[in-house]
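Read off the chains here:
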Amino acid sequence: AGKPKIGKSWLGLGLGIAVGSGGRALGQIAVESGQALYMGLEDNARRLQKRMKKMLAGRDAPRLLEVTTDWPQLDEGGVEALDVWLDRRPDARLVVVDTLKKIRPRETGSGRVYDLDYEALEPLIPLAADRGVAILVVHHLRKLEAGDPLDMISGSTGLTGGVDGALILKR
């Protein structure tokens, strides 16, 4: 999670490129090569192509990286679509969802905020564990500072409580 324009999308796409090419993440961390999926759901194809061209600096796009700008919300077939995608790619290592807002189930009923946040990503946890794939979900920070960095993530503690880990991007 991070503030707008801090580099969350660049980071996610860069990780996808590293995994898809078997290169180095963040320029120095060796990664295992495998299929990667980058969901740039707030972008269009032209913008992503321009971004990738800049990142690749003349190299070909990794053949193991798939990029999409469209994916169904988790409660409208998104989990099943990801399950099918993973079925067809047993060597998958990484899925980047950019951003949570675009795949999050629509809030219905009068559920508690904590429960809604916890349940928003819950279907991805067993999918990641069963398939041995990392699923990185990009999200935003709230405007107010907090003593605990995890409290800066937009939403309730249900979001961070229901996942395996969280990263905060700051300058």
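Remember, predicted model here, so these are calculated numbers, not experimental data.

Asks: Let's hear about the pairing of strand 3 (residues 35-40): which residues, and what values?
Replies: Note on strand geometry: in a regular strand, side chains alternate between the two faces of the sheet. Buried residues dominate strand 3, accounting for six of its six residues. Taking every second residue as pointing to the same face, both faces of strand 3 are buried, with Q35, L37 and M39 on one and A36, Y38 and G40 on the other. Bridge count between strand 3 and strand 5 (residues 92-98): six bridges; the pairing is parallel. Residue A36 lies in a different strand from strand 5, and its bridge partner there is L94. A crossover links strand 3 with its parallel partner strand 4 (residues 65-68), the connecting element being helix 2 (residues 45-56), and its sense is right-handed.

Asks: Account for the sheet that holds strand 6 (residues 134-138), with residues named and values stated.
Replies: Taken in spatial order, the four strands make up an open sheet running 4-3-5-6, and their pairing is parallel. Each end of this open sheet is capped by a strand with a single partner; those strands are strand 4 and strand 6. Between one strand and the next, the sheet's axes are offset by a mean angle of 10°, whatever the strand orientation. In the packing of helix 1 (residues 8-21) onto the sheet, the strands contacted are strand 3, strand 4, strand 5 and strand 6, and the crossing angle to strand 3 comes to about 160°.

Asks: Tell me what's going on with the packing of helix 1 against helix 2, and back it up with residues and numbers.
Replies: Between helix 1 and helix 2, the least distance of the axes is 11 Å, while the angle of their chain directions is 65°. Read as a crossing pair, helix 1 and helix 2 show a hand that is right-handed. Residue-level contacts link S9, W10, L13, G14 and I17 of helix 1 to R51, M52, K54, M55 and L56 of helix 2. In the contact of helix 1 with helix 2, the residues fall into six nonpolar, two polar and two charged.

Asks: Go over the pairing of strand 4, please, and point to the residues and values.
Replies: As paired strands, strand 3 and strand 4 are joined by four bridges and run parallel to one another. Counted as the bridge partner of M39 is T68 from strand 4.

Asks: Describe the packing of aromatic side chains, and please don't skip the residues or the numbers.
Replies: Between two aromatic rings, the relevant description is the distance of the centres plus the angle of the planes. Overall, the coordinates contain one aromatic pair when judged by the stated rule. Taken together, a centroid distance of 6.1 Å and an interplanar angle of 25° make the contact between Y114 and Y118 stacked. Here Y118 and Y114 lie together in helix 5 (residues 113-121), a separation of four residues that amounts to about one turn. Given a relative accessible area of 30%, Y118 falls into the partly exposed group.

Analysis parameters
- Residues numbered from 1 in each chain as written.
- Predicted model: local features only at pLDDT ≥ 70, side-chain atom pairs only at ≥ 80, totals over all residues.
- Heavy atoms only, no water.
- Buried < 20%, exposed > 50% of the residue type's maximum accessible area, 1.4 Å probe, protein only.
- Helix = DSSP H or I, 4+ residues; strand = E, 2+ residues; numbered from the N terminus.
- Pairing = 2+ DSSP bridges.
- Right-handed = clockwise from strand over helix to strand, strands pointing away.
- Axes fitted to C-alpha atoms, helices over the stretch in contact; angles between N-to-C directions.
- Contact = heavy atoms within 4.5 Å.
- Left-handed = near helix turned anticlockwise from the far one by under 90°.
- Nonpolar A, V, L, I, M, F, W, Y, C, P; charged D, E, K, R; others polar.
- Phe/Tyr/Trp six-rings, centres within 6.5 Å; stacked < 30°, edge-to-face > 60°.

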